[in-house]
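Topology and contacts: notes
If you want the building blocks of each chain, they are given just below.
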Amino acid sequence: MTDIKAPFERENRYLVMKRKDIYQHLSAQQRTALDEIGLLIAERRQDYGKQPLDCVVIESDWPEYETVWKMLEARMTGTKKASPPNDSTSTSTGG
């Protein structure tokens, strides 16, 4: 029996809002409501024994965006791992 994997499909699984946009486009009352909804969801996740979400978000206009998608696809399909581009000019600032 051959283990055939389904083709990798990108999923829209998370709702992400940029804090800058929230403060720029929502009223104080709307921001409070959004905070309360977020806290409620976090509490319910904890009630169900789930860990808090800790995610990395990469915007589509960043150069790493497609590379990261390829890395995820390789992991999910079991194909050769894609590696990030070798950029000797980049440095980590830790912040």
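First, a word on what this report is: a plain description of the structure on this page. Throughout, residues of each chain are indexed from 1 in the direction in which the sequence is written. Local features are withheld for residues below a pLDDT of 70 in this predicted model, meaning they are given only at 70 or higher, and side-chain atom pairs are given and counted only at 80 or more; totals for whole chains, interfaces and linings count all residues. With hydrogens and water excluded, all non-hydrogen atoms of the structure serve as input to the side-chain values.

Counted at 1.5 Å a residue, the expected span for helix α2 (residues 28-47) with its 20 residues is 28 Å, and the 29 Å between its end C-alpha atoms agrees. Where helices and strands are cited, they refer to DSSP runs of H or I of at least four residues and of E of at least two residues respectively, numbered from the N terminus. Immediately downstream of α2, the backbone of Gly49 shows phi near 80 degrees, a positive value. Given a helix with a known number of residues, its expected span is that number minus one, times 1.5 Å.

A few words now on the layout of surface pockets. Using a grid of 1 Å spacing that covers the protein atoms alone, one calls a set of points a cavity when a 1.4 Å probe fits there but cannot get out, and a pocket when the set is open and has protein on both sides within 12 Å along at least five of seven lines; lining residues are those with an atom within 4 Å of a point. Grid points are joined across faces, edges and corners, and a volume is the space filled by probe spheres set on the points. As a volume, the largest pocket reaches approximately 1800 Å³. If you trace the largest pocket, you find 39 residues lining it, with Tyr14, Leu15, Val16, Cys55 and Val57 closest to the centre. Sorting the residues of the lining of the largest pocket by element identifies α1 (19-25), α2 and α3 (65-77) as the ones contributing at least two each. Residue contributions to the lining of the largest pocket peak at 11 residues, all from α2. Note on residue classes: Ala, Val, Leu, Ile, Met, Phe, Trp, Tyr, Cys and Pro are nonpolar, Asp, Glu, Lys and Arg are charged, and everything else, Gly too, is polar. Broken down by class, the residue content of the lining of the largest pocket amounts to 25 nonpolar, 4 polar and 10 charged.

Patch building starts from residues that exceed 30% relative accessible area and form no salt bridge, then joins like charges within 9 Å and nonpolar side chains (Val, Leu, Ile, Met, Phe, Trp, Tyr) within 5 Å. Exposure was quantified through the Shrake-Rupley algorithm and a 1.4 Å probe, taking into account, for residues, occlusion by the shown protein chains and nothing else. Each reported salt bridge corresponds to a side-chain nitrogen of Lys or Arg within 4 Å of a carboxyl oxygen of Asp or Glu. Nonpolar side chains collect at one region of the surface, where Tyr14, Val16, Leu53 and Val57 lie side by side and expose about 410 Å² of accessible area between them. As for its placement among the helices and strands, Leu53 is situated in the loop between α2 and α3. Relative accessibility under 20% of the residue-type maximum defines a buried residue, over 50% an exposed one, and the middle range a partly exposed one, all with a 1.4 Å probe and only protein chains included. A residue is classified by how much of its surface remains accessible, and Leu53, at 52% relative accessible area, is exposed.

Taken as a whole and judged by the stated rule, the model has 4 salt bridges. Ionic pairing is found between Arg10 and Glu66, a salt bridge with its closest N-O pair at 2.7 Å. Taken together, the residues Arg10 in the segment before α1 and Glu66 in helix α3 connect sequence positions 56 residues apart. Residue Arg10 is classed as partly exposed on the basis of its relative accessible area of 43%. In this structure, Lys18 and Glu59 form a salt bridge, with 3.3 Å as the shortest nitrogen-oxygen distance. Within this pair, whereas Lys18 is found in the segment before α1, its partner Glu59 is found in the loop between α2 and α3, the two being separated by 41 residues in sequence. Since its relative accessible area comes to 42%, Lys18 is described here as partly exposed. A residue is classified by how much of its surface remains accessible, and Glu59, at 34% relative accessible area, is partly exposed.

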